[in-house]
Amino acid sequence: MVMSSYTFTLPNVTHESASAIESTLRGVNGVDYVDIDVPSESATVNSDLTYNEVLEAIRNTGVAAS
């Protein structure tokens, strides 16, 4: 599979919710790298999953993302 890099907008993300997202994504097969920048309300994820699959995993933590 080809690894892709995605950037997600996380409105109103907190350090606590960022930690939950990071823990969740690190447990997902196919996710290689996660970096969440709370001040800029963004996340960068390298994965061989599709954008929508990663977005769904983030949203499953209860955090709004786009």
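Our subject is the structure listed above.
The structure contained in this document is the topic of the report that follows. (Residues numbered from 1 in each chain as written. Predicted model: local features only at pLDDT ≥ 70, side-chain atom pairs only at ≥ 80, totals over all residues. Heavy atoms only, no water.)

## Focus on the overall build of the protein
To be explicit about the condition: Helix and strand assignments follow DSSP, with helices taken as H or I runs no shorter than four residues and strands as E runs no shorter than two, numbered in order from the N terminus. We take the radius of gyration over the C-alpha atoms and set the globule estimate at 2.2 Å times the residue count to the 0.38 power. Burial status follows relative accessibility: with a 1.4 Å probe on protein chains alone, a residue under 20% of its type maximum counts as buried, one over 50% as exposed, and anything between as partly exposed.
On a plain count of helices and strands, the protein comes out with 2 helices and 3 strands. Reading the helices (α) and strands (β) of the protein from amino to carboxyl end gives β-α-β-β-α. What you see for the protein is a C-alpha radius of gyration of 11 Å, in line with the 11 Å of a compact globule of 66 residues. In terms of overall dimensions, the protein has a C-alpha envelope of 35 × 20 × 15 Å along the principal axes. For the protein, the proportion of its 66 residues judged to be buried stands at 35%.

## Re the pattern of salt bridges
Keep this limit in mind: Whenever a carboxyl oxygen of Asp or Glu lies within 4 Å of a side-chain nitrogen of Lys or Arg, that contact is scored as a salt bridge.
Scanning the model with the defined rule gives 1 salt bridge in all. A salt bridge links Glu22 to Arg26, with the nearest nitrogen and oxygen atoms 2.9 Å apart. Residue Glu22 and its partner Arg26 are located together in helix α1 (residues 15-26), separated by 4 residues, close to a single helical turn. Assessed through its relative accessible area of 28%, Glu22 is described here as partly exposed.

## A short note on the packing of aromatic side chains
Counted only if it meets this: Centres within 6.5 Å make a pair out of two Phe, Tyr or Trp rings, where for Trp the six-membered ring is used; the pair is then stacked when the planes are under 30 degrees apart, edge-to-face when over 60, and tilted otherwise.
One pass over the full model with this rule turns up 3 aromatic pairs. Taken together through their ring pairs, the aromatic side chains of Tyr6, Phe8 and Tyr51 make up a single cluster.

## Observations concerning the environment of Ser19
Among the secondary structure elements, Ser19 is positioned in helix α1. For Ser19, a relative accessible area of 41% puts it in the partly exposed group. The spacing of Ser19 and Glu53 is 34 residues in sequence and 19 Å in space, taken between C-alpha atoms.

## Quick notes on the sheet that holds strand β2 (residues 31-37)
By way of backbone hydrogen bonds, the strands of a sheet pair with one another, either parallel or antiparallel. Rules: Any two strands with at least two DSSP-identified bridges between them are counted as paired. For helices, the fitted axis covers only the stretch in contact; all axes are lines through C-alpha atoms, and the angles between them, taken along N-to-C directions, range from 0 to 180 degrees.
The 3 strands are arranged β1-β3-β2 in an open sheet whose pairing can be described as antiparallel. Of all strands in the sheet, those bounded by a partner on one side alone are β1 (4-9) and β2. Sheet twist, expressed as the mean angle between neighbouring strand axes with direction ignored, is 15°. Inspection of the sheet shows β2 paired to strand β3 (residues 42-47) by 6 bridges, in the antiparallel sense. The residue bridging Val31 from the neighbouring strand is Ser47, located in β3.

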